Amino acid sequence: MAKKQKYYVVWQGKQPGIYNSWAECEEQIKGVAGAKYKSYESISLAEQALRLGPELSISVPTKQNNTVLSIDDEGMTVINKDSNGPVPILDSIAVDAACSGNPGVMEYQGVYVASRTQLFHYKAPVGTNNIGEFLAIVHGLAYLKKNKMNQVLYSDSVNAIKWVLAKQCRTKLPLTPETAQLYDVIHRAEAWLHNNSYSTEILKWNTEQWGEIPADFNRK
């Protein structure tokens, strides 16, 4: 099955515009502080987003189907009035990871769902998506405990949730000089799980009904 075409809008980068591949988009934003970009599933949506600019385009849907969540004019997450069935808790944090290649440059972030505010971010030169998802959850648990917050934590990765509950990152990524620093982070995350208790409820984000998790990097 052929991979579906994506269109990448770059508002702030080396050369703003619309690009037909992630590789082209990445070239425009690499090393640019505060780069702003997003992917879309049709050229018409991408062109509309480019015209609207980054401040308004976040409310432009990246999928043709309707989802439970949308963004209001102030950038806040809102639940659509005609939504049926379970809805996510907005007073929560969400985590997600992205990887350019597998293995490849890996990063993860945590955001407050209601406002889409980034709470933390980490990037490693070599890693996998599963490792990033695992570390993101542990970072989120530690963040909530340190700040004495009782919000639930959402992840869209079943594997990462299982790894966290098992208190072990079950990656098969080889330990090499290039991955040694990342493995140090993994071991510290595992140690935190073994040495700390937490009351945070870890929930699976329902992507099918709610759309992409708010911590998504919009690179799919």
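Please refer to the structure placed before this passage.
So, how was this worked out
- Residues numbered from 1 in each chain as written.
- Predicted model: local features only at pLDDT ≥ 70, side-chain atom pairs only at ≥ 80, totals over all residues.
- Heavy atoms only, no water.
- Buried < 20%, exposed > 50% of the residue type's maximum accessible area, 1.4 Å probe, protein only.
- Helix = DSSP H or I, 4+ residues; strand = E, 2+ residues; numbered from the N terminus.
- Pairing = 2+ DSSP bridges.
- Core = buried A, V, L, I, M, F, W, Y, C linked by side-chain atoms within 4.5 Å.
- Contact = heavy atoms within 4.5 Å.
- Polar contact = N/O pair within 3.5 Å; in protein donor to acceptor, adjacent residues only side chain to side chain.
- Salt bridge = Lys/Arg side-chain N within 4 Å of Asp/Glu carboxyl O.

1. As for the pairing of strand S9 (residues 152-155)
For step 1, the next point in the chain: In S9, alternate side chains face the same way, and those of Val 152 and Tyr 154 on one face and Leu 153 and Ser 155 on the other are all buried.
For step 2, the next point in the chain: Note: strand S6 (residues 92-101) against S9, three bridges, orientation parallel. Of the residues in S9, the one forming a bridge with Ser 92 is Val 152.
For step 3, the next point in the chain: As paired elements, S9 and strand S10 (residues 202-204) share three bridges and run parallel to each other. Bridging from a neighbouring strand, Leu 153 pairs with Ile 202 of S10.

2. Focus on the nonpolar core
For step 1, the next point in the chain: Ranked by internal contacts, the top residues of the largest apolar core, which has 30 residues, are Phe 134, Leu 135 and Ile 137.
For step 2, the next point in the chain: Looking at this core, the elements with two or more residues in it are S6, strand S7 (104-112), strand S8 (117-127), helix H4 (129-146), helix H5 (158-166) and helix H6 (180-195).
For step 3, the next point in the chain: Among the elements that take part in this core, H4 stands out by supplying eight residues, more than any other.
For step 4, the next point in the chain: Aside from chain neighbours lying at most four places away, what touches Ile 137 is Val 95, Leu 153, Ser 155, Ala 160, Ile 161, Val 164 and Ile 202.
For step 5, the next point in the chain: Within the second largest apolar cluster, 11 residues are counted, among which are Val 68, Trp 210, Ile 213 and Ala 215.

3. Details of the side chain of Gln 151
For step 1, the next point in the chain: Tracing the chain through its elements places Gln 151 in the loop between H4 and S9.
For step 2, the next point in the chain: Overall, Gln 151 belongs to the buried group, its relative accessible area being 13%.
For step 3, the next point in the chain: Side-chain polar atoms of Gln 151 contact the side chain of Asp 91, separated by 3.0 Å.
For step 4, the next point in the chain: Residues in contact with Gln 151, not counting those within four places in the same chain, are Asp 91, Ser 92, Ile 93, Tyr 112, Leu 144 and Thr 200.

4. With respect to the pattern of salt bridges
For step 1, the next point in the chain: The tally for this structure, following the rule as stated, stands at three salt bridges.
For step 2, the next point in the chain: Glu 41 serves as the salt-bridge partner of Lys 6, at 3.3 Å between the closest nitrogen and oxygen. Of this pair, Lys 6 sits in the segment before strand S1 (7-12) while Glu 41 sits in the loop between strand S3 (36-40) and helix H2 (43-52), and the two are 35 residues apart along the sequence.
For step 3, the next point in the chain: We note a salt bridge from Glu 27 to Lys 14, for which the minimum N-O separation is 3.8 Å. Of this pair, Glu 27 sits in helix H1 (residues 22-29) while Lys 14 sits in the loop between S1 and strand S2 (17-19), and the two are 13 residues apart along the sequence.
For step 4, the next point in the chain: Owing to a relative accessible area of 43%, Glu 27 belongs among the partly exposed residues under this scheme.

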